[in-house]
Structure formats: C-alpha cells, structure tokens
Amino acid sequence: MLPKLMTSPALLVTFLISIASADLDTTSQLTRVTAVEGETAELPCDVTPPVAGDELRLVLWYYGTGGTPIYTYDSRNRNQILGEHWVDSTLDRNRIQFQPDARPAHLRVTGVQRADQRLYRCRVDFLHSPTRNSRVNLTVIVPPGTPVVTDDKGQVVERGQSRRHREGQMLHLTCRSSGGSPLPNVTWWRGSTLVDSSWEEEGNGTVVNQLTAGPLSRDDLDASYTCWAANHKRSLPKATKVAIDMLLRPLTVNLLGTNNPLSAGVTYQLTCQSVGSRPAATITWWMGGQKLRLTNQTSSHDGNVTTSKVTLTPRIEDSGQLIRCQASNPLLRNSIEDLWRLKIRYAPQVQLTVRPSRPHDVGVREGDQVSMECSVKANPPPLRVVWKRDGLALVSDPRRNINLDNSSLTLYDVTRAESGNYSCEAFNDEGTGTSVQMPLRVQYAPACQPDHVTHYPVSRGETVNITCRVTSEPAPFRFVWAFNTSTGSMIDIPESSWSSDGHWSVCRYTPRTRLDYGQLLCWAENDLAMQSRPCVFNITPAERPEGLSNCSVVNSTSQSLQVHCAPGKDGGLRQAFSLEVQDAVTEERVTGVSDSDRPSFSLTGLKPGSRYRLTVFASNAKGRSDRYISYAQTPEEVAQGITAPDTADPEEPSGFRMTPILGILIGIVGVLVLSAIVIVVVIRTCTGSRRKKSCPSVTQLNTGLSGSQSLDLKEKQQNPDIVPTEFMDPEEKHMIERLSNPTPRTLRSQSRGYSSGYHSPCSTLGSLKSQPQYTRRPPDDMQLRGDAQYTSVPCLTQKLANCGQPGALPAMPAHDEISPFLPHLEHRESSDSSDMETFMSRTSCSASQETVINMAEARLSTQF
C-alpha cells in the first residue's frame, strides 16, 4: 500500500500527517547544537541502516515533535546520494541543505538567524528496518552589542578619548551593552587588569557597569580603560576603550645655554624650552615690561615639549634688563618662568667738548689756548683714546704746544695751522667709537694761497682772467687791485674790472702797450685786518717758441735712430716738440708727426741704408716755431758687407787666408800712408825754397803720382772708412769745391800781388765769390777739406771786413751767394727778412775758426 501512496504527493502528505500525529516520539535521542548568529549550523541525523543490506528510503525533518515536515529527502527508486529534496515554502531554500553522504549525515543551515533557534526532529525510513527518530536542539548565540561609555555628565565618550580632567579629580565612567543572547557579562579593565566586574541588568536586554577611579594624577594621562561585553566562548566579546585625557600645567621652563654677555647691535637667537604641559605650553618672552614679538614656537608630536626662540638685537640701554621666558597652559591660569639679566657689551660712545679761552661769539684767534675733553662710555672700558685732526692722529708735542692726556687735549698759543676738524676715538674689544667732528677755526688776517698761479703770459690785446686766492678766517669782505708800474707807482684797478666771492677775486686785465706789462697786486681784508703783503702776479708778453738747435742723431742702427735737440725759449708758455720724417730721395713721409714733451725722439721701423729728412719744431698756445731741418743716414745691414769666401786653394797654407775685405783694407791703408808722405815732402819743399816760382798744387801732385799710388774719388766714396761727399752738408761741399778749384791767377814778379783786384788777405772770400761754375772735383787733401768744413761764413765775412780800410765796412754779399754757407738758415723756415742780418751780426769767429781760415789762405797762396 505504501508504494501506491508514494506515487501521489498529495496522498503522501496526507499520509504523513496522519502518521505524524499518531507516532509522536518524545523519548528519542536528543542532540544539542550551538551556533553563533550568522554562522553555519549542522543538525546531525543518523541514516545508517541498522541491518546490513537494508536501504534508506525517506528522511523527514520537523519542527519539534509533531506537525508537518519542513524538509524531506526521498531516495526511493533512486540512488541514495541522488535522492529528491523538498523544502517548505516558508524556508529559504538557499540556506537549508541535507547532506546524506556526510558522516554523519546532517541538515546544513547557513547564515544562522535568531529565529532558527528551536528543537528539530529527524525521521528516517528504511526499506526493511523500522523507522528511526532523533531530536536536535539548536541554540543560536547572539553576540552582545558594542558597549557604550558615558561620562559623569552623561556625554558619550567618542573616538575613545575622554574629556580632559584636571589633576586630583575623580573619574566616573558608565558602560552599557545590549542585544546579546544570552545576556553578556560587562566588566572594566585597565590594561590587562580587571578593575570592576560588578554589572547589573537594566531590563530590555541591557547590562550596565559603572566605574569610579581616582583621584587622577599625572600618571593617569593617556591611561586606557576598556569595557568588555562577553556572553559565550564562541562569540567574540565586544569592547570599548577609553583613553584618559588630562589638563596638566608645565613642569619646567628653562632658558637654554649660558648667560654670556651680548654685543650691542648684533642679532642673537635665545631659546627657551618647557616640558610637561598638556596641552602644549604657550611660551611668551618679556624684556622689562615689554613683550617681545619676534618669536618662533614648536612642540613635540605629543605636545609634552615646547621650544620657543626669540630674535633679539640688544641695544646699549638694554644693559641690566631682565629677559623672561614664561610658559603656561592655555587652559589653566598658572604659569612658570625663567629669566636672565642681560649683560651688554658695546663699542665706546664718545662725546667731544671744546673749552676755548674766549667766548664762543668772539672765536679763537692766534695765540689763544684751547682745551678739549673726550667723554667715553664703553663696556668693556676703552683700551686707549686717540685724538685726530682732519683724520690724522695727533701726538703730544711740547715743541708744537700740543699736550695730550688720554681724554683731554690742550693747545697752547694756537696758530692757523691748528685749524681743522678735531675728533677723538676710543677703542675696546667691541670696536671703535668716534666722536662728532668739532671744527676749530683759528682766526687770522688774509694771506695769499701758496699754490696760486703768479705768472701769466699774455699777448697784446688779449684779455686774461687773473685769480687772486687768499686764506683767512673769517672770509674777507673786500678786495683791492692795483698795477705796479715800472716807475714804482701804483695805479688802482677800478672795481668794474674785477669781481670777488668768498676767498677769491678775479680781475679781467688786457695789456695793450709795452708799458701795460708788469705786476698786478691784490689785497684782501677781513674783520681782523688788511692783508699785509699783497699777492703779486707777473704779466709778461706771450709769443711763439724759438726753434730748436744743435740736433744730433745718437744710437743709430740699421732700422732705428734717436734724435736729441736743444730747446729754445718757450715764449712764456708751455711748449711741445714735434718731429716729421721724410725719405730724402722720394720726399715721401715715412712717419706722422711725433709729439713729445722733451726735444728727444726715437724712430723705429726705418729702412737700412736710407737717408731721411728730419724736421723738428716746437709749438705752444701761440703758434709754432721755425722748422729745424737735418738729415740722417741709417747704416747698411752688417750681413750685406760680408762676402762669402772663395773656395780655398789647396796649395795655400791653412794658417792664413786672404779675403777681399782684408785686401781692400790693406790697399786703403797703403794709399793713405803714401799720400801723406808725398804731401809732407811737397809742403816742406815749397816752404824751404826761396825761389820765386809757384809750388805745384795738390791736384798736380795727385796727377804726378803713379796709377797704383792714386785713388779715384769714386773709389774713395765707396770706401766705408772715408766719409763720402754725398753725405756732407751743402756748406762743406761748397767750401771744398771752392778751395780745391781756385781760379788761376797772374802772379806779379815783385810785389807778389794778386790780379783782378783781389787782395791777399781777402783771397779766400774772393775765390769763393768769383767762380759761378765748378767743374773740378775736390782735392784729395782731406786736411784742407776738413779745414774748410769747420769754417763758417759769418767768420769769413768778419775776416773780409778786417782786410779793408780801418772803419770801412765791406759790402754785404748777396743772399743767394752766401745762403749755401748758412747752416742755420738752411735748416730754418722763417718769414723774417732780418734773419740774415741778425745771423751775420751775432756770429763771431772763434780762435779755431780763424786758425782754419789762415791755414786755408796760406795753402791757396802757395798754389799761386
């Protein structure tokens, strides 16, 4: 019959209800199962057949011992493991699952809820064995709620931090836990120590525990009190921790470092530190009764240590002041402090006072006595005191009437030299202190400044401003100008011609005639007296400078030379010297104008073996002088005069070798010696003979020599040891040609006179003026040429004048005839036509020049 019922679910349910009510079992085995809310519970049910070979057919789960099934497992006509599951619609199919293959088999309930707590019955039907019933009591553990802690004012302690308590107060905390099943135990712990286990139930599932502790001290700061709520060993207890916060006053405050002396004007940082305040202390700085503002405060992370720094620049007047570092809890009224008494070091403070012998409104005059006092205030005391005048240190000098006594200065019999700005300086380790400069003005009458300009070169009609500067104390109030004439009389200068201001006066003066040159005089007058000695200004004519003279070339090389000249008068003004250089052949300018403050010039970069035209002149503010023209020759390079030696003759002895230069030198020396011997013999022969016949001329003697003994003039000019005529001045050339080419004269047999109206004493000048053309070359007699070279034309002119009648002046030669013999005129450019007369009149014959003239005339007379 059972199989037929099982084929119809409706009939099966009806059947089960009928049999359930018929066979309720209250004596079957009871199993207790405990599960925590939210976890998984396994309700066991034994499905093992009691007899071997029997099979499981049906498993039914019930609430309690009766009623209808809530869960069935049907394995009829199926494998035991693959049986059919059925769950009551009031249950969550996803939370309940029967596990027949588990050992033991059980009903698995996940996410246990408070409503799942009850008694369950499991009925097992087998194929042959009788039905088996078992009971399971499921207990659901509900964890208690998180404890809530409130203080004595009923305020909930949030974030685990109590309100701040002061030292000595009592601590009152209340802990409540609700919602647990079973009801929890509520206890108080400090750290790991149980301090209160007395809890009580308030109703509605709430358990309360009240804690009282104290009095509180500094040690209770951050103490941790924990309220625990626990109701089962399988349920995690709930706890609320409370940290005790307190208000604590600062324990200590200290100025760090040592109280060393501070230097005035130097910036320092002072540090103060406070420990023990809760919350962090507030540090303030005070000096005297004034609060300091430039502070910087920092605290440690827990606020226990507070550090403050103040920036202080002490002043001198802060010496002895108390500087205080004050620390206080901002929530408490009491405070503590540390203090230092400041010791300030500073450089000397100096003050200078003057005590003159006269009242201040009268002033100090020469001969008075002046005393000065130097008051010094310094820490540390000054090492020494120095007195200065116009920045220069003074020393005690009785000879100069100066007396120094460290802090005092006395001047006896003062003079104007003691005028100046006086000050005193004091020194210590902190520095130097200088007083304000005290001016001392010694009064005296006006006097000329020693460095004023006294010489004024002025041209006629030129206006010059003459400045008269005087020194006086006080300044002059009046000036007087006058002109000192050559007769010694004074002529006052009208006030319209001059102006004055303070210590100087300017006079506008214009000389118009020669008599306007002389001395201008200037006087000044102040409140003391009139100037005793006037300032004298010399007014002299100004003109262009004189030309240079006696220019010579020194230190000549192949590429450079130096020129030195003698300066002329500067014309009353400062002069400068200039040099122009031109190539004598091409007349091309070699260098520009070289200016110099001295008549000396250095030329470089010249060409070897070249002839240059040098033009030198001086210049000042009035113009340029006449030009001085001269010529200079640079020598050839030394390497050009060396000829490479010929190939050595193998037969020539190795100890001596003849070179072309050595041969030329030997030949020149031989010719010179031979010529000198011949000239001496001829002169002696002509002088000793008393016969009236003419002596052969030098030219005739030279022509009488053999070819090997005579030298051609061209060869002599090529010889570097003989001065060629091309490098002689025009005067030298002309004189040599005149002396070496005399015009033949008709000699008189008795009187030995000279024809053509020439007189023997004047024969030299006459021969110079008679020949317009010169075709003969100079004589080989170098001595005669040298005599003519050093004979000046002015000297010859004077010689000619001496040859005439007494008191009769000779006729002046024409300018074009005499100009070649004027070296000064040749080298000067002048527009003054009187230079010729001036030169002729100022030039006199020296003894050596007259000797040369006499020798030249004597030798010319022997030729005639």
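Calculation rules
- Residues numbered from 1 in each chain as written.
- Predicted model: local features only at pLDDT ≥ 70, side-chain atom pairs only at ≥ 80, totals over all residues.
- Heavy atoms only, no water.
- Helix = DSSP H or I, 4+ residues; strand = E, 2+ residues; numbered from the N terminus.
- Buried < 20%, exposed > 50% of the residue type's maximum accessible area, 1.4 Å probe, protein only.
- Contact = heavy atoms within 4.5 Å.
- Pairing = 2+ DSSP bridges.
- Core = buried A, V, L, I, M, F, W, Y, C linked by side-chain atoms within 4.5 Å.
- Polar contact = N/O pair within 3.5 Å; in protein donor to acceptor, adjacent residues only side chain to side chain.
- Axes fitted to C-alpha atoms, helices over the stretch in contact; angles between N-to-C directions.
- Disulfide = S-S within 2.5 Å.
- Patch = residues over 30% accessible without salt bridge, like charges linked within 9 Å, V, L, I, M, F, W, Y side chains within 5 Å.
- Areas by Shrake-Rupley, 256 points an atom, 1.4 Å probe, with all protein chains shown as cover.
- Salt bridge = Lys/Arg side-chain N within 4 Å of Asp/Glu carboxyl O.
- Phe/Tyr/Trp six-rings, centres within 6.5 Å; stacked < 30°, edge-to-face > 60°.
- Lys NZ or Arg CZ within 6 Å of the ring centre and 35° of its normal.
- pLDDT = per-residue confidence, 0-100.

Colleague: Break down the overall build of the protein for me, citing the residues and quoting the values.
Modeller: Looking only at helices and strands, the protein features 13 helices and 54 strands. A burial count over the protein gives 39% of its 864 residues as buried. By sequence separation, contacts in the protein at least 24 residues apart represent 65% of the contacts at least 6 residues apart.

Colleague: Mind laying out the sheet that holds strand β20 (residues 262-263), listing which residues take part and the relevant values?
Modeller: Spatially, β20-β28-β30-β34-β33 is the arrangement adopted by the five strands of the open sheet, whose pairing is mixed. Of all the strands in the sheet, just β20 and β33 (402-405) have a single pairing partner and so form its edges. Here four bridges tie β33 to strand β34 (residues 408-411), and the two strands are oriented antiparallel to one another. Bridge assignment links Asn403 to a residue of β34, and that residue is Thr410.

Colleague: Describe the nonpolar core, listing the residues and the values that go with them.
Modeller: One finds Val59, Trp61 and Phe98 to be the most contacted residues of the largest nonpolar core, which totals 27 residues. If you list the elements that add at least two residues to this core, you get β1 (29-36), β2 (41-44), β3 (56-63), β4 (69-74), β6 (96-99), β7 (106-109), β8 (118-126) and β9 (132-141). Broken down by element, the residue count for this core peaks at four residues, all from β8. Those residues in contact with Trp61 that lie beyond four places of it in its chain are Leu43, Pro44, Cys45, Pro69, Ile70, Tyr71, Phe98, Leu107, Tyr120, Arg121, Cys122 and Val136. Core analysis: the second largest hydrophobic core is formed by 20 residues, Tyr456, Tyr509, Tyr517 and Cys522 among them.

Colleague: Outline unusual backbone geometry, supporting the account with residue identities and numerical values.
Modeller: Following Gly214, the chain continues to Pro215 via a peptide bond in cis, the omega torsion being -5°. Counting through the fold element by element, Pro215 comes out in the loop between β16 (206-213) and β17 (224-230). Residue Arg278 is joined to Pro279 through a cis peptide bond whose omega torsion reads 0°. With respect to the helices, strands and loops of the structure, Pro279 is situated in the loop between β21 (268-275) and β22 (282-287). Even without being glycine, Asn401 reaches a positive phi, approximately 60°. Mapped onto the elements, Asn401 comes out in the loop between β32 (392-393) and β33.

Colleague: Would you mind going over the side chain of Asp116 in detail, with residue names and values included?
Modeller: With respect to the helices and strands, the residue Asp116 is situated in the loop between β7 and β8. A residue is classified by how much of its surface remains accessible, and Asp116, at 9% relative accessible area, is buried. A polar atom in the side chain of Asp116 sits 3.0 Å from the side chain of Arg95. Within the structure, Asp116 has its side chain in polar contact with the backbone nitrogen of Gln113 (distance 2.9 Å). Aside from chain neighbours lying at most four places away, what touches Asp116 is Arg95, Val109, Gly111, Leu138 and Val140.

Colleague: Got a sec to walk through the sheet that holds strand β24 (residues 295-299)? Specific residues and values, please.
Modeller: Spatially, the four strands line up as an open sheet ordered β19-β21-β25-β24, and their pairing is antiparallel. Across the chains shown, the open sheet's two edge strands, defined by having one partner strand only, are β19 (252-255) and β24. Across the sheet, the mean angle separating the axes of adjacent strands is 15° when strand polarity is ignored. Note that β19 and β21 share four bridges and pair antiparallel. Bridge pairing in β21 places Thr252 opposite Val275.

Colleague: With reference to specific residues and values, describe the state of the cysteines.
Modeller: As used in these notes, a disulfide is a covalent bond between sulfur atoms, one from each of two cysteines. What the rule picks out here adds up to seven disulfides. Put simply, Cys468 and Cys522 are joined by a disulfide, and their sulfur atoms are 2.3 Å apart. The S-S bond linking Cys468 to Cys522 shows a torsion near -90°; that makes this disulfide left-handed. Here the residue Cys468 occupies a position in strand β40 (residues 464-473), and Cys522 occupies one in strand β45 (residues 518-525), the gap between them amounting to 54 residues.

Colleague: Could you give me a rundown of a nonpolar patch on the surface, with the residues and numbers involved?
Modeller: Judged by side-chain polarity, Val669, Val673, Ile677 and Val681 come together as a nonpolar surface patch covering roughly 350 Å² of accessible area. Summarising the element assignment, Val681 is placed in helix α3 (residues 660-688).

Colleague: Got a sec to walk through the packing of aromatic side chains? Specific residues and values, please.
Modeller: Summed over the entire model, instances satisfying the criterion amount to five aromatic pairs. Ring centres of Tyr73 and Phe98 lie 5.6 Å apart, and the angle between their planes is 45°; on these two criteria the pair is classed as tilted. Separated by 25 residues along the polypeptide, Tyr73 in strand β4 and Phe98 in strand β6 bring together distant segments of the chain. Taking relative accessible area as the criterion, Tyr73 reaches 0% and is therefore assigned buried. The ring of Tyr62 has Arg121 lying over it, and the distance from NZ or CZ to the ring centre is 4.1 Å. Here the basic side chain of Arg624 rests over the ring of Phe617, its NZ or CZ set 4.3 Å away from the ring centre.

Colleague: Lay out the pairing of strand β25 (residues 305-312) with the relevant residues and their values.
Modeller: In terms of strand pairing, β21 meets β25 through eight bridges, oriented antiparallel. Residue pairing for β25: Leu270 is matched across the bridge by Val310. The pairing of β24 with β25 spans five bridges and is antiparallel. If you follow Ser299 over to β25, its bridge partner there is Thr306. Where β24 hands over to β25, the hairpin turn is made up of five residues, of which Gly303 adopts a positive phi near 75°.

Colleague: How would you sum up the environment of Arg333? Please name residues and give values.
Modeller: Within the element layout of this structure, Arg333 appears in the loop between β26 (322-328) and β27 (335-341). Look at Arg333 and you get exposed, because its relative accessible area is 87%. In the structure, Arg333 is positioned 84 residues away from Arg249 in sequence and 8.9 Å away in space, judged by C-alpha atoms.

Colleague: I'd like a description of the confidence of the model for the protein, backed by residues and values.
Modeller: For the protein, mean pLDDT is 76; residues scoring 70 or higher make up 73% of the total. Confidence drops under pLDDT 50 across residues 639-656; counting only partners more than four residues distant or on other chains, this segment forms seven contacts. Overall, residues 742-853 carries pLDDT values under 50, and its contacts beyond four positions in sequence, including any with other chains, amount to 151 contacts.

Colleague: Explain the side chain of Asp74 to me, and be specific about the residues and the numbers.
Modeller: Inspection of the secondary structure assignment puts Asp74 in strand β4. The buried category is assigned to Asp74, whose relative accessible area is 13%. Those residues in contact with Asp74 that lie beyond four places of it in its chain are Arg57, Leu58, Gly83 and Glu84.

Colleague: Would you mind going over the pairing of β6 in detail, with residue names and values included?
Modeller: Only one face of β6 is covered, namely the face carrying Ile96 and Phe98; the face carrying Gln97 and Gln99 is uncovered. Relative to β7, β6 is paired through four bridges, and the arrangement is antiparallel. Looking at the pairing, Phe98 lines up with Leu107 of β7. Taking the residues between adjacent antiparallel strands as the criterion, β6 and β7 are bridged by six residues.

Colleague: Break down the pattern of salt bridges for me, with residues and values.
Modeller: The final tally for this structure, using the stated rule, is 30 salt bridges. In this structure, Asp429 and Arg345 form a salt bridge, with 3.9 Å as the shortest nitrogen-oxygen distance. You can see Asp429 sitting in the loop between β35 (420-428) and β36 (431-434) and its partner Arg345 sitting in strand β28 (residues 344-356), a full 84 residues away along the chain. The exposed category is assigned to Asp429, whose relative accessible area is 60%. Between Arg416 and Glu366 there is a salt bridge, with the nearest N and O atoms lying 3.2 Å from each other. Pair noted here: Arg416 is in the loop between β34 and β35 and Glu366 is in the loop between β29 (364-365) and β30 (370-379), with a separation of 50 residues, a long-range link.

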